[in-house]
Amino acid sequence: MPSISKSSFVIAVPDLKASAAFYRDILGFTVHTIPDPGWLFYTSGNCTIMAGECRDAIPPRKLGDHAYFAYLQVEDIDSFYESVRLAGVEIGKSLRDEPWGMREFGLVTSDGHRIMFGSPAQQ
């Protein structure tokens with residue numbers, strides 16, 4: 001079996017401009033245009049999120065648990081959590097140490113998708 005060398009995510013968003021602003025301004029992703037005007041790519045480190053505008057699709061907020069699409073590991077999770085919280089982002093799970101050895105929190109994007117962020121807990 002092949003080994004996965006990189007992961008990317010594909011999401012449907014109701015408003016591509018609003019989505020791009022959230023990922024760029026709040027989460028620190030770089031936004032890239034491509035020749036198809038209905039798509040933008042967001043990158044941060046080895047993570048790529050391919051966002052396609054789907055104005056008529058079911059809003060992610062209505063998907064419940066299925067709105068989770070990623071678990072991203074970050075450095076300095078405490079500072080990142082504080083910056084997200086101060087920006088007024090909806091927090092789905094407060095920052096805490098978990099028994100599986102991760103310090104993590106969850107947020108809800110401006111589109112209604114949910115993302116978990118984690119970092120190895122300090123022992």
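To keep things clear, this report deals only with the structure shown in the data block. These numbers come from a predicted model, not from an experiment.

Rules and cut-offs
- Residues numbered from 1 in each chain as written.
- Predicted model: local features only at pLDDT ≥ 70, side-chain atom pairs only at ≥ 80, totals over all residues.
- Heavy atoms only, no water.
- Helix = DSSP H or I, 4+ residues; strand = E, 2+ residues; numbered from the N terminus.
- Buried < 20%, exposed > 50% of the residue type's maximum accessible area, 1.4 Å probe, protein only.
- Pairing = 2+ DSSP bridges.
- Axes fitted to C-alpha atoms, helices over the stretch in contact; angles between N-to-C directions.
- Contact = heavy atoms within 4.5 Å.
- Salt bridge = Lys/Arg side-chain N within 4 Å of Asp/Glu carboxyl O.

Looking at the environment of Glu 82
(1) Moving on: Mapped onto the elements of the fold, Glu 82 is located in helix 2 (residues 77-86).
(2) Moving on: A relative accessible area of 31% means that Glu 82 is categorised as partly exposed.
(3) Moving on: Considered as a pair, Glu 82 and Leu 95 are 13 residues apart in the sequence and their alpha carbons are 9.4 Å apart.

What about the sheet that holds strand 4 (residues 47-53)?
(1) Moving on: Strands sit in the order 1-4-3-2 across an open sheet of 4 strands; the sheet is mixed. Two strands close off the open sheet at either side, each with one partner strand: strand 1 (7-13) and strand 2 (30-33). The mean angle between the axes of side-by-side strands here comes to 25°, regardless of whether they run parallel or antiparallel.
(2) Moving on: Across 7 bridges, the pairing between strand 1 and strand 4 is parallel. Residue pairing for strand 4: Val 13 is matched across the bridge by Glu 53.
(3) Moving on: Against the sheet, helix 1 (residues 16-25) makes contact with strand 1, strand 2, strand 3 (39-44) and strand 4, and its axis sits at roughly 5° relative to strand 3, the strand it touches most.

Details of unusual backbone geometry
(1) Moving on: Positive phi, close to 50°, is recorded for Asp 76, a residue that is not glycine.
(2) Moving on: Counting through the fold element by element, Asp 76 comes out in the loop between strand 5 (68-73) and helix 2.
(3) Moving on: In this structure Asp 76 comes out as exposed when scored by relative accessible area, which is 51%.

Quick notes on the pattern of salt bridges
In a structure, side chains of opposite charge can pair up when their charged atoms sit close to one another.
(1) Moving on: Throughout the structure, instances matching the rule amount to 10 salt bridges.
(2) Moving on: Two residues, Glu 90 and Arg 61, come together in a salt bridge whose shortest N-O distance is 3.1 Å. Of this pair, Glu 90 sits in strand 6 (residues 90-97) while Arg 61 is found in the loop between strand 4 and strand 5, placing the two residues 29 residues apart along the sequence.
(3) Moving on: The class for Glu 90 is partly exposed, based on a relative accessible area of 44%.
(4) Moving on: In this structure Arg 61 comes out as partly exposed when scored by relative accessible area, which is 48%.
(5) Moving on: Taking the shortest distance from any N to any O, the salt bridge between Asp 78 and Arg 103 comes out at 2.8 Å. With a gap of 25 residues between them, Asp 78 in helix 2 and Arg 103 in strand 7 (residues 102-108) connect regions that are remote in the sequence.

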